[in-house]
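Descriptive structure summary
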Amino acid sequence: MSNLFSEILTAPMFLLATVALVLLALVFVLTPLMRPNASTAKLARRRRALAELRYDLDPADYRRRMAKLDQEQAQAGGQPRSMRGLSALLIISVPLLALFLYTQVGTPDGITPEAGQSTELRAMLGDLTNRVRKQPEDVDSWNRLGMIWKQMQQYPAAEAAFRRVLFIEPENTFARVELAETLLYASGRAQIPEAADELLDSVLVDDPNNQKALWLAGLGAFHDGNSRRALALWTRLRDQLPAGSVRDQVNDQIARIPGGTEADETSAATRPAPVNPHAGLSPAGNGEDSSTPRGDAPADGAAIEVKVSLDPALAGRVSGAETVFVFARAVNGPPAPLAVKRLAASDLPASVTLDDGDAMAEGMSLSTFPEVQISARISRTGNAIAASGDIQGQSGPLTVGQDQQIELVMDEVID
């Protein structure tokens, strides 16, 4: 029971709402009981009328009538007392009954459910929506919005976000590639839509080594039967990748092209032939999405242990109730985090491990990029977006697969 009260007291809004609802229930229950009944009200009216006629009646008649009213009042006198007793009983029993029922079927934790990937995405979505309302030209926030909408399979909203970026910055490479993939998902087909193909071609003109554009354009050529173009694009992509699961996945695709096994001595010719890499078009559906090369499961993929702490000089700024976000971003890649962990400031110092299982969007994991930067931030508001007064710390560029453990101190106050 003591744990219950401690949990309730840590949620003041819940406590206030509970008290308000109990009082409202008592008002509805007690109001009919506290009103005088019909007989009592009638006796009161007759007594007032008799008092007005006191000097017009014979004194003996007046006393006789008043005695009769007193007798009737005495006979009805037990009812108000019983109602008052019942009211007192209800005032005590209703709150106790509410508390008993809550201990059996309720929990204060229900108003603050444990955050999962969906909760994190929706929280970020709300923060970013508010930000672009105030700063409609914020390209980075529009790109993040598009990534979250795409992950949530809200393709029209994702398309609108990326097109907004291109309205502001027509040459934005990231938005062009992500818009192309969004159009592909929205089409529900394996073939790259014409509009998406044009976007990818424009990106490869400006950035011939853009890895995601090479992968998607190669898929488009592969499904269109253009084996020569698919081989050229995927070979160029493979030559940029370090040895590992992502390079193996690209080799798996090259191995499916006639003559492709000759392109690399580490070819996947001896491995089982993979299934259609584009069979599952939905990033969160039942099929496996292979529209973007990615690493293996977290147990076999990249992982970085982060020992995060707060600069003692800034300890006075933190109460312990704040939220701490620890996340990784690609050094040369999209602005969206590749992996995110959340903990309470009261847990500091702490050690967390970021791996492929912490990815916020499909195909955007630690294994996908060769270099990342790790950041940690104490959020006073609990929002995923940085705000003035937050405290943060950042690492330098880290090579994925080599830097497996780092120490990070949050020592910078955001203006």
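Computed from a predicted structure; not experimentally measured. Numbering of residues begins from 1 in every chain and follows the order in which that chain's sequence is written. Only residues with pLDDT of at least 70 are given local features in this predicted model, and only at 80 or more are side-chain atom pairs given and counted; all residues enter the totals for whole chains, interfaces and linings. For the side-chain quantities, the full set of heavy atoms in the structure was used; hydrogens and water were omitted.

Before going further, it helps to examine the pairing of strand 2 (residues 323-330). Relative accessible area decides the class of each residue, using a 1.4 Å probe on protein chains only: under 20% of the type maximum gives buried, over 50% gives exposed, and in between gives partly exposed. A run of H or I in DSSP becomes a helix once it reaches four residues, and a run of E becomes a strand once it reaches two; helices and strands are each numbered from the N terminus. Extensive coverage of strand 2 is indicated by the burial of seven of its eight residues. In this scheme, strands are said to pair when DSSP sees at least two bridges between them. When strand 2 meets strand 3 (residues 339-344), the two strands line up antiparallel, connected through six bridges. Residue Phe325 lies in a different strand from strand 3, and its bridge partner there is Arg342. As judged from the eight bridges shared by strand 2 and strand 5 (residues 371-379), these two strands associate in the antiparallel manner. Of the residues in strand 5, the one forming a bridge with Val326 is Ala376.

The length a helix should cover is 1.5 Å for every residue beyond the first. Here helix 10 (residues 194-206) spans 19 Å end to end across 13 residues, near enough to the 18 Å set by a 1.5 Å rise per residue. Burial in helix 10 covers these residues: Ala196, Leu199, Leu200, Val203 and Leu204. Looking straight down helix 10, one finds that the buried residues subtend no more than 135° of arc, so they occupy a single side. Those residues of helix 10 that are exposed and angled more than 90 degrees off the buried face are Glu194 and Val205. In this description, contact between two residues means that some pair of their heavy atoms is separated by no more than 4.5 Å. Elements that come into contact with the buried residues of helix 10 comprise helix 8 (155-168), helix 9 (173-187), helix 11 (211-223) and helix 12 (227-238). Arc definition: it is the arc formed by the directions from the helix axis to the C-beta atoms.

Glancing now at the sheet that holds strand 4 (residues 350-355). As summarised here, the arrangement of the three strands in space is 4-1-8, forming an open sheet in which the pairing is mixed. Strands with a single pairing partner mark the edges of an open sheet, and in this sheet they are strand 4 and strand 8 (405-410). Adjacent strand axes in the sheet meet at a mean angle of 30°, parallel and antiparallel pairs treated alike. Judged from the six bridges that link them, strand 1 (residues 303-310) and strand 8 form a sheet pairing that is parallel. Bridging from a neighbouring strand, Val308 pairs with Leu408 of strand 8. Between the N-to-C directions of two axes lies an angle of 0 to 180 degrees, each axis being a line fitted to C-alpha atoms and, for a helix, fitted only over the stretch in contact.

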